[in-house]
Amino acid sequence: MELSGKVAIVTGAGRGLGRAYAEALARNGAKVVVNDVDAIAQEVAAGIGGVAVVAPVGPAETADRLVATAVEEFGRLDVLVANAGVLRDRVLWKMTDDDFDTVVGVHLRGTFTCARAAAVRMREQGTGGSLVLVSSPAGQRGNFGQTNYSAAKAGIAAMARTWALELARSGIAVNAVVPVAATEMTRTIPAFAPLIEESERTGAPLPDWVRRDEGLGTVEDAAELIVYLASDAARGVTGQAIGIGGDRLALWSHPAEKHVEFATGGWTAAAIAERFGEFEPESYGIPLPVAP
């Protein structure tokens, strides 16, 4: 898909999904500002004809520097892929303040500061643009041991819907992507770790049922959605949460009232107890893989 003339920023682009996003955007003609916290960003940038910004995502200073670099080096900014993230997995009663703040600071605050800086520039240019915010199935369904990560990723999806409203008149599309791929992060998820380790041990690709039923594949599989959302073909697609992984492409539903009842004059606790038993409860958590 043709991206010549477009300029993109990809945060957390030194490894894993972020690197695959940056490489795919460049392969399709975009100029890319590659961000990560260490010198691996420079290696990736050199390989794709981009430019690197080595800095932690979260502070507004980093966001401003990323946008300034895009404009100084390539003249404009068209796409932001807010991908940077870290994990500090622990169950609630063992999670420290620092565990929580670190993950929320990088994922949620980092997405906010980078999107804000990008939106300011795109509105000044007056030619629209695309903000691609990386969420997760954990943000849609919750996941054991990931209070901080799940909360941040749920917040990112909520920000995408909010910013889609706020930036519509400026022609700036905002979408959340929900990727699933074999990475260092997904290796920490008990449901996926054995599958990834077996594939790496044998050198064989993930089984067809994993790619299809579980939507788990390579980082390259997930990168094509980023290319699409960066392209003119995706104009008009905004405010969505779109899943990608392996052989699977999915549109996630937004939260909505599922079952509604009314009581004239309001509800007592006893009446709620009686009626709520008729509601079908929602499931939660990422389902464990089930082999055919």
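Residues numbered from 1 in each chain as written. Predicted model: local features only at pLDDT ≥ 70, side-chain atom pairs only at ≥ 80, totals over all residues. Heavy atoms only, no water.

Let us now look at the overall build of the protein chain. Broken down by element type, the protein chain carries 10 helices and 8 strands. A compact globule built from 292 residues would reach a C-alpha radius of gyration of about 19 Å, and the protein chain, at 20 Å, matches this within 12%. Principal-axis analysis of the C-alpha atoms gives the protein chain an extent of 65 × 50 × 40 Å. Among the 292 residues that make up the protein chain, the fraction classed as buried is 48%. Long-range pairs, those at least 24 residues apart, make up 65% of the contacts in the protein chain with a sequence separation of at least 6. Surface summary for the protein chain: the accessible area is close to 14600 Å², and the carbon and sulfur share equals 54%. (Helix = DSSP H or I, 4+ residues; strand = E, 2+ residues; numbered from the N terminus. Rg over C-alpha atoms; globule rule 2.2 N^0.38 Å. Buried < 20%, exposed > 50% of the residue type's maximum accessible area, 1.4 Å probe, protein only. Contact = heavy atoms within 4.5 Å. Areas by Shrake-Rupley, 256 points an atom, 1.4 Å probe, with all protein chains shown as cover.)

With that out of the way, let us pick up helix α1 (residues 16-27). An ideal rise of 1.5 Å per residue puts 16 Å on 12 residues; α1 measures up with 17 Å between its terminal C-alpha atoms. The set of residues buried in α1 consists of Leu17, Gly18, Ala20, Tyr21, Ala22, Ala24, Leu25 and Ala26. Downstream of α1 by one or two residues, Gly29 has phi in the positive range, about 110°. (Expected span 1.5 Å × (residues − 1).)

Time to look at the packing of α1 against helix α2 (residues 40-48). Across the interface, α1 lies against α2 with an axial gap of 10 Å and an inter-helix angle of 20°. Viewed along their axes, α1 and α2 adopt a mutual orientation that is roughly parallel. Crossing hand, α1 versus α2: right-handed. Counted together, Arg19, Ala22, Glu23 and Ala26 of α1 and Ile40, Glu43, Val44 and Ile48 of α2 form the full contact between these two elements. Each residue belonging to the contact of α1 with α2 can be placed in one class, and the counts come to 5 nonpolar, no polar and 3 charged. (Axes fitted to C-alpha atoms, helices over the stretch in contact; angles between N-to-C directions. Parallel < 35°, antiparallel > 145°, perpendicular 65-115°, else oblique. Left-handed = near helix turned anticlockwise from the far one by under 90°. Nonpolar A, V, L, I, M, F, W, Y, C, P; charged D, E, K, R; others polar.)

Let's shift gears to the sheet that holds strand β2 (residues 31-36). Within the open sheet, the 8 strands sit side by side as β3-β2-β1-β4-β5-β6-β7-β8. Their pairing is mixed. Since the sheet does not close on itself, it has two edges, and those belong to β3 (51-54) and β8 (248-251), each with one partner. Within the sheet, the average angular offset between the axes of one strand and its neighbour, ignoring direction, is 20°. Looking at chain direction, β2 and β3 are connected through 4 bridges and run parallel. By the bridge assignment for β3, Asn35 is matched with Val53. Each of β2 and β3 touches α2; the most contacted strand, β2, lies at about 165° to it. In the packing of helix α6 (residues 147-167) onto the sheet, contacts are made with β5 (129-134) and β6 (172-179), and the angle to β6 comes to roughly 160°. (Pairing = 2+ DSSP bridges.)

Turning our attention to the packing of helix α3 (residues 60-74) against helix α4 (residues 97-125). Look at α3 against α4: their axes get within 8 Å of each other, and the N-to-C directions meet at 40°. Crossing handedness for the pair α3 and α4: right-handed. Here α3 contributes Ala60, Ala63, Asp64, Leu66, Val67 and Val71 to the contact with α4, which in turn contributes Thr113, Cys114, Arg116, Ala117, Ala118 and Arg121. Each residue belonging to the contact of α3 with α4 can be placed in one class, and the counts come to 8 nonpolar, 1 polar and 3 charged.

Right, let's talk about the packing of aromatic side chains for a bit. Here the structure, examined in full by the defined rule, presents 1 aromatic pair. Each ring, one from Phe276 and one from Phe279, has its centre 4.9 Å from the other, and the planes form 40°; the classification is tilted. (Phe/Tyr/Trp six-rings, centres within 6.5 Å; stacked < 30°, edge-to-face > 60°.)

The next point concerns α4. Taking 1.5 Å per residue, 29 residues should reach 42 Å; α4 reaches 40 Å between its end C-alpha atoms and fits that length. In α4, a bend of some 40° at Gly105 exceeds every other bend along the element. (Bend = angle between axes of the 7 residues up to and from the residue.)

The subject of this paragraph is the pattern of salt bridges. For the structure shown, the criterion picks out 15 salt bridges. Put simply, Asp247 and Arg211 hold a salt bridge, and the shortest N to O gap is 2.8 Å. Remark: Arg211 occurs in helix α8 (residues 208-213) and Asp247 occurs in the loop between β7 (241-245) and β8; sequence separation between them is 36 residues. Given a relative accessible area of 49%, Asp247 falls into the partly exposed group. Close ionic contact of Arg275 with Glu261 constitutes a salt bridge, the shortest N to O distance being 3.0 Å. One end of the pair, Arg275, is in helix α10 (residues 269-276); the other, Glu261, is in the loop between β8 and α10, and 14 residues separate them in sequence. Relative accessible area serves as the criterion here: at 26%, Glu261 is assigned to the partly exposed category. (Salt bridge = Lys/Arg side-chain N within 4 Å of Asp/Glu carboxyl O.)

Before going further, it helps to spend a moment on the pairing of β7. The buried fraction of β7 amounts to 5 of the 5 residues, a majority that puts the element mostly inside the structure. Alternating residues of β7 divide into Ala241, Gly243 and Gly245 and Ile242 and Ile244, and every residue in both groups is buried. The pairing of β6 with β7 spans 4 bridges and is parallel. Bridging from a neighbouring strand, Val178 pairs with Gly243 of β7. As defined by bridge partners, β7 adjoins β8 across 4 bridges and the pair is classed as antiparallel. Pairing of Ile244 across the sheet is with Leu249, part of β8. Connecting the antiparallel pair β7 and β8 is a turn made up of 2 residues, with Gly246 showing a positive phi of about 55°.

Scope: geometric values only; no functional claims are made or implied.
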